[in-house]
There are 2 protein chains.
Amino acid sequence: MGIQEEMNKSAKISKRSLESQAADLMREDIINGNLTPGTRLVETTLAKEYGLSRGTIRIALHQLGSEGLVTQVPYAGWSVTELNDQDLWELYTLRATLEGMAARLAAERICEEGAERLREAYQQLLALCKLGDLKAITRADLDLHKLIIELSSHSRLASQYQLVENQFLAYIAAANRDFEPESVGLSHAALVEAICEGESDRAEAEAIRNITGFEELR
Amino acid sequence: MGIQEEMNKSAKISKRSLESQAADLMREDIINGNLTPGTRLVETTLAKEYGLSRGTIRIALHQLGSEGLVTQVPYAGWSVTELNDQDLWELYTLRATLEGMAARLAAERICEEGAERLREAYQQLLALCKLGDLKAITRADLDLHKLIIELSSHSRLASQYQLVENQFLAYIAAANRDFEPESVGLSHAALVEAICEGESDRAEAEAIRNITGFEELR
DNA sequence: TTTGATATGATTGTCCTGCAATCGACAATG
DNA sequence: CATTGTCGATTGCAGGACAATCATATCAAA
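For every chain, the first residue of the written sequence is number 1, and numbering continues from 1 onward in sequence order. Labels follow written order: the first chain is A, the first ligand is 1, and so on. Totals for whole chains, interfaces and linings use all residues, but because this is a predicted model, local features are given only for residues with pLDDT of at least 70 and pairs of side-chain atoms are given and counted only at 80 or more. Excluded from the side-chain calculation are hydrogens and water; included are all heavy atoms of the structure.

## A few points about the overall build of chain A
Here's step 1: By the criteria applied, helices consist of DSSP H or I runs no shorter than four residues and strands consist of E runs no shorter than two, each listed in order from the N terminus. Scanning chain A for helices and strands turns up 10 helices and three strands.
Here's step 2: Its helices and strands in sequence order give chain A the pattern α-β-α-α-β-β-α-α-α-α-α-α-α, from N to C terminus.
Here's step 3: Exposure classes here rest on a 1.4 Å probe applied to the protein chains alone. A residue is buried below 20% of its type maximum, exposed above 50%, and partly exposed in between. Burial statistics for chain A: of 218 residues in total, 45% are counted as buried.

## Things to note about helix α9 (residues 189–196) of chain A
Here's step 1: For α9(A), the set of buried residues is A:L191, A:V192, A:A194, A:I195 and A:C196.
Here's step 2: Phi for A:G198, located one or two positions after α9(A), is positive at around 75 degrees.

## Overview of the packing of helix α1 (residues 18–31) of chain B against helix α7 (residues 155–175) of chain B
Residue and element names in this part refer to chain B.
Here's step 1: The axes used here are C-alpha line fits, helices contributing only the stretch in contact, and every angle between their N-to-C directions lies in the interval 0 to 180 degrees. Interaxial distance between α1 and α7 falls to 7 Å at its minimum, and their mutual angle equals 45 degrees. Compared by their axis directions, α1 and α7 come out oblique. Together, R27, I30 and I31 of α1 and N166, L169, A170 and A173 of α7 make up the contact between the two elements.
Here's step 2: Each residue belonging to the contact of α1 with α7 can be placed in one class, and the counts come to five nonpolar, one polar and one charged. Angles below 35 degrees are treated as roughly parallel, those above 145 as roughly antiparallel, those between 65 and 115 as roughly perpendicular, and all remaining angles as oblique. Any two residues whose heavy atoms approach within 4.5 Å are treated as being in contact. All residues other than Ala, Val, Leu, Ile, Met, Phe, Trp, Tyr, Cys, Pro, Asp, Glu, Lys and Arg, Gly among them, are scored as polar; the first ten of these are nonpolar and the last four charged.

## Comments concerning the protein's contact with DNA strand D
Here's step 1: By convention in this text, a residue qualifies as near a molecule or strand provided that one of its non-hydrogen atoms is within 4 Å of it. In the vicinity of DNA strand D, 22 residues are found, and the nearest of them are A:R54, A:R58, B:L18, B:S53 and B:T56.
Here's step 2: Sugar plus phosphate: this is where 74% of the atoms of DNA strand D within 4 Å of the protein reside.
Here's step 3: By the criterion applied in these results, polar contacts are pairs of N or O atoms within 3.5 Å in which, for protein atoms, one can donate a hydrogen and the other can accept it, and in which residues neighboring in sequence qualify only through two side-chain atoms. Contacts to DNA strand D include A:L41, whose backbone N or O atom sits 3.3 Å from a phosphate oxygen.
Here's step 4: Note that a base nitrogen of DNA strand D is positioned 2.8 Å from one of the side-chain N or O atoms of A:R54.
Here's step 5: Put simply, the parts of the chain that give the surface near DNA strand D at least two residues each are α3 (54–66) and β3 (77–80) of chain A together with α1 and α3 (54–66) of chain B.
Here's step 6: Here the surface near DNA strand D is composed, by residue class, of 10 nonpolar, six polar and six charged.

## Observations regarding the relation of the copies chain A and chain B
Here's step 1: The two copies are related by a screw operation: chain A maps onto chain B through 180 degrees of rotation and 0.0 Å of translation along the axis, at an RMSD of 0.0 Å. Here the symmetry operator amounts to a two-fold rotation axis. In terms of C-alpha distance to the rotation axis, chain A has A:I59 as its closest residue, with the C-alpha 3.1 Å off the axis.
Here's step 2: When the interface residues of chain A are mapped onto chain B, 100% of them again lie at the interface, so the same face is used by both copies. We place the copies in one frame by least squares, fitting the C-alpha atoms of every residue whose pLDDT is at least 70 in both.

## A word on the protein's contact with DNA strand C
Here's step 1: Within the structure, DNA strand C sits among 22 residues, and A:L18, A:S53, A:T56, B:R54 and B:R58 are positioned closest to it.
Here's step 2: Of all atoms in DNA strand C that approach within 4 Å of the protein, 71% are sugar or phosphate atoms.
Here's step 3: One of the backbone nitrogen or oxygen atoms of A:E19 is found 3.4 Å away from a phosphate oxygen of DNA strand C.
Here's step 4: For DNA strand C, a phosphate oxygen lies 2.6 Å from a polar atom in the side chain of B:R58.

## Regarding the sheet that holds strand β2 (residues 70–73) of chain B
Residue and element names in this part refer to chain B.
Here's step 1: Here three strands make up an open sheet; going across it, the order is β1-β3-β2 and the pairing antiparallel. With partners counted over all chains shown, the strands left at the sheet margins are β1 (40–41) and β2, one partner each.
Here's step 2: Each pair of strands is called paired provided DSSP finds at least two bridges between the two strands. Note that β2 and strand β3 (residues 77–80) share four bridges and pair antiparallel. Opposite V73, over in β3, you have G77 as the bridge partner.

## Quick notes on the pairing of β3(B)
Residues and elements named next belong to chain B.
Here's step 1: On β3, burial follows the alternation: W78 and V80 on one face are buried, whereas G77 and S79 on the facing-out side are not.
Here's step 2: Judged from the two bridges that link them, β1 and β3 form a sheet pairing that is antiparallel. Paired with R40 across the two strands is S79, which belongs to β3.
Here's step 3: Two successive antiparallel strands, β2 and β3, enclose a turn made up of three residues, where Y75 displays a positive phi of approximately 65 degrees.

## Some thoughts on unusual backbone geometry
Here's step 1: Within the chain, A:S153 stands out as a residue other than glycine whose phi angle is a positive 50 degrees.
Here's step 2: The residue B:Y75 is not glycine, and still its phi comes out positive at about 65 degrees.
Here's step 3: Along the polypeptide, B:Y75 turns up in the loop between β2 and β3.

## Section: the pattern of salt bridges
One side chain can pair with another of opposite charge once the charged atoms of both are near each other.
All names here are of chain A.
Here's step 1: Take a side-chain nitrogen of Lys or Arg and a carboxyl oxygen of Asp or Glu: if they are within 4 Å of each other, that pair is a salt bridge. Taken as a whole and judged by the stated rule, the model has 32 salt bridges over all chains.
Here's step 2: In this structure, R27 and D24 form a salt bridge, with 2.8 Å as the shortest nitrogen-oxygen distance. With a gap of three residues between them, R27 and D24 both fall in helix α1 (residues 18–31), about one helical turn apart.
Here's step 3: Relative accessible area serves as the criterion here: at 23%, D24 is assigned to the partly exposed category.
Here's step 4: Measuring nitrogen to oxygen at the nearest pair gives 2.8 Å for the salt bridge that ties E43 to R54.

## Section: the domain arrangement of chain A
Residue and element names in this part refer to chain A.
Here's step 1: Considered domain by domain, chain A is made up of domain 1 (18–80) and domain 2 (85–212).
Here's step 2: At the junction of the two partners, domain 1 supplies nine residues and domain 2 supplies seven residues.
Here's step 3: Buried area adds together the accessible area that both of two parts lose upon being put together, with accessible area traced by a 1.4 Å probe. Buried area between domain 1 and domain 2, summed over both chains or domains, comes out near 640 Å², and the portion from carbon and sulfur atoms is 72%.
Here's step 4: Counting the contacts that link domain 1 with domain 2 gives zero salt bridges.
Here's step 5: Taken together, the connections running from domain 1 to domain 2 amount to zero residue pairs in polar contact (both at pLDDT 80 or more). Domain segmentation is taken from an automatic or database assignment of domains.

Right, here's the structure in full:
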């Protein structure tokens, strides 16, 4: 029918509920730009599409709503959230602050293994920058940032960051407004070094500079 | 039966859905300590209590789940979230960062009216501190902090801060672990002044100091 | 005693049907 | 033209039904 076919041969038994799986699928569609901001989402239509009941879809939509990806107007319907300039500014600033905090924490509790992983991720990014594949660069950049978040060992910070990033990605995908095209690799050098050497103040400052540096809104 | 009695004679016609109203009621119960961490929440029982259908309650529970106030284990049930030391540390650090960001933004865009409101809230807090009513002091303290958030004009920051605060309040109420009992008033003086004078760096630093200052975890 | 298998009850997961409430658009009316 | 009423679409919400899963108790076997 719709979802439940993959029994996940790989040991990891899929215990996810259909509700959250449906939310996952829709989230992907929004982030990838298959569903662009403003698109209306009708519960009954989605239910038929995914082969699920309306109640299940409803829960999934509420979930996405709490993540800021879809918007609900009472009795009228759901739609993919549209962002205005204020929203963009909020996402930028919030992301900068969160990433700064993550960099500080990561620097405070950096260990040898963490530093190794961080340097490796950075080298990977640097290598891809030379090749010029924009999609790959973007992914490697995101990986590097997410690794910093992981190294901060702060689950709430991680999930909050993920939320901001998702809203951001949905906007990027829809606006076809590609990431920073140039010199993303070099600008991260100082950040990685600061974290690896445990200099928390510098790490925080560098993280913030890296994000707010390339676009001035408002 | 359960909720919908108040027709809100004061012009403001209640447009909230029963789903979110139910979430509001439960949230209040958790924050006030009527529902302590670990308490099990059964959908059918709640439905009967509030006079609502199970589906409605389900949506409300998922909402509270996304706010971190209740926890769900699949097929087993819901319960009021219990926080461990790591969680407490996460909440403290996240709150400090968010409040620092808010103080910075507030200082950057402070206006005469905002400064007036801020000074007034601070004077109110100071006055209550002399009287010694702990509950009133706590409320005034929360009001002051929330005013700073409001002055930052950052809706996402505001809602994120609210989430952290709610989890925090739920813990406080349950643990009966009262807020900072002493000198809360004086410690905020520098913060208020920095914001009113537009000194964003100092405002951010003071805000962080005020939060992390009174308890060292981990 | 310990382990493992089985039965059982509680609770959620998911589906269904049905209807009321509300919104948006458009026609009718003055 | 402005107002009002109607109508279709969609969500809001209720209630019932059953499967899936978990937690626990129970019993059998080693």
